[in-house]
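Residue-level structural notes
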Amino acid sequence: MVSPVIPTVDLSPFFRDGDHQGDKNKAMEAIGQACCEYGFFQIVNHGVKHDLMSQALHLSKTFFEYPDEEKLKSSPGSEAPLPAGYSRQPKHSQNKNEYLLLFPPQSNFNVYLKNPPEFREVFEEIFSHLTRTGILVESILNECLGLPPNFFKEYNHDRSWDFMTALHYFPATKIENNGLSEHEDGNLITFVFQDEAGGLEVCKNGEWIPVTPVEATIVVNVGDVIQVLSNNKFKSATHRVVRPEGRSRYSYAFFYNLQGDKWVEPMSQFTNEIGEPPKYRGFLYKEYQQLRMRNKTHPPSKPEDVIHITHYAIST
């Protein structure tokens, strides 16, 4: 039996001059199907230079190899909606990683590194590239869902809550290998690029499918907001990171987000207009994010008490 493979989609038709509608339609069809089946897909020819991705991974590795006292100089400030700067998972956490979180380049929340000195320039460049990738993929999802032109763009025009994390997962031990526990992303769309160590896995029909690292490829997954807006047409996939033995894993995750005061509920195109009941009650985005943050800072003793998007599900 052949194991499932996360679909890979070529975005080059969206960057070429001239009319390539046939190729664009083919790419959109593949993305729409992947969002219905997996909630995950991979993209190539996405507009982010491979050299820039490699350099970003190299610089984050350099930073994470510094002694703790050097890394802690970039500890988070208290004002940000999320802890911008360097953080490490608490000792009691099941997740064994450390990370650096940064908001858009112009954000006052950011705590920048002094070393390595090139990091800020590379970070700002890759952040702007991934923002453009997010805008493109958002417009593709808009069309895949059959929404009016620019619907998502007008609904989600504030980019101030986007953020990116550089992550370092410690090598697995003989007794445990959890890097990031199974979860769904609470945002709109997430973009990930990883080093060759691998470890990212997505769950489909109870089976864990490895997302094998491929050079110059970006992994894309749909978040909870898209799942709610589409009334479950597109899936926010469950995924996790398994740490490899004997080596560290490095990756970047870019979270194409929603401004906190936005109201989120199933859209009429997927409920009233087609005679389907809404599967979620509406909520303020920042309230959901606060509940999710509490999961991390005060992990519940029972797994069933962890807040997921099902917290807002309407029982039928």
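The preceding data block contains the structure.
Bear in mind the structure is a predicted one, so any value in this text is a computation, not a measurement. (Residues numbered from 1 in each chain as written. Predicted model: local features only at pLDDT ≥ 70, side-chain atom pairs only at ≥ 80, totals over all residues. Heavy atoms only, no water.)

1. Overview of the sheet that holds strand β3 (residues 85-88)
Strands sit in the order β1-β2-β10-β7-β12-β5-β4-β3 across an open sheet of eight strands; the sheet is mixed. Either end of the sheet is taken by a strand with one partner, and the two such strands are β1 (8-10) and β3. Taken over all neighbouring pairs, the strand axes of this sheet differ in orientation by 25 degrees on average, direction set aside. Where strand β7 (residues 189-194) and strand β12 (residues 249-256) come together, six bridges link them in antiparallel fashion. Residue pairing across strands places T190 opposite F255, the latter belonging to β12. Across the face of the sheet, helix α4 (residues 119-144) comes into contact with β2 (40-44), β4 (97-102), β5 (163-169), β7, β10 (218-222) and β12 while running at roughly 130 degrees to β7. (Pairing = 2+ DSSP bridges. Helix = DSSP H or I, 4+ residues; strand = E, 2+ residues; numbered from the N terminus. Axes fitted to C-alpha atoms, helices over the stretch in contact; angles between N-to-C directions. Contact = heavy atoms within 4.5 Å.)

2. Quick notes on the environment of G22
By the secondary structure assignment, G22 is in helix α1 (residues 21-37). As a C-alpha pair, G22 and S12 span ten residues in sequence and 12 Å in three-dimensional space.

3. Brief notes about the environment of H183
Looking at the secondary structure, you find H183 in strand β6 (residues 178-183). Assessed through its relative accessible area of 18%, H183 is described here as buried. Along the chain, H183 and P117 lie 66 residues apart, while their C-alpha atoms are 34 Å from each other. Dropping the residues within four chain positions of it, H183 is found in contact with A237, T238 and H239. (Buried < 20%, exposed > 50% of the residue type's maximum accessible area, 1.4 Å probe, protein only.)

4. Things to note about the packing of helix α2 (residues 50-64) against α4
Each pair of packed helices gets described by two things: the angle between the helix axes and the distance between those axes. Across the interface, α2 lies against α4 with an axial gap of 10 Å and an inter-helix angle of 135 degrees. As the angle between them shows, α2 and α4 are arranged oblique. Note on packing geometry: the crossing formed by α2 with α4 is left-handed. Residue-level contacts link L52, M53, Q55, A56 and L59 of α2 to F119, V122, E125, I126 and H129 of α4. A breakdown of the residues in the contact of α2 with α4 according to their chemical character gives seven nonpolar, two polar and one charged. (Parallel < 35°, antiparallel > 145°, perpendicular 65-115°, else oblique. Left-handed = near helix turned anticlockwise from the far one by under 90°. Nonpolar A, V, L, I, M, F, W, Y, C, P; charged D, E, K, R; others polar.)

5. Some details on the pairing of strand β11 (residues 239-242)
Bridge analysis of β6 against β11 gives three bridges, and the strand direction is antiparallel. Directly across from L180, in β11, lies its bridge partner V241. Two elements, strand β8 (residues 200-204) and β11, share three bridges in a ladder whose sense is antiparallel. The partner of V202 across the bridge, within β11, is H239.

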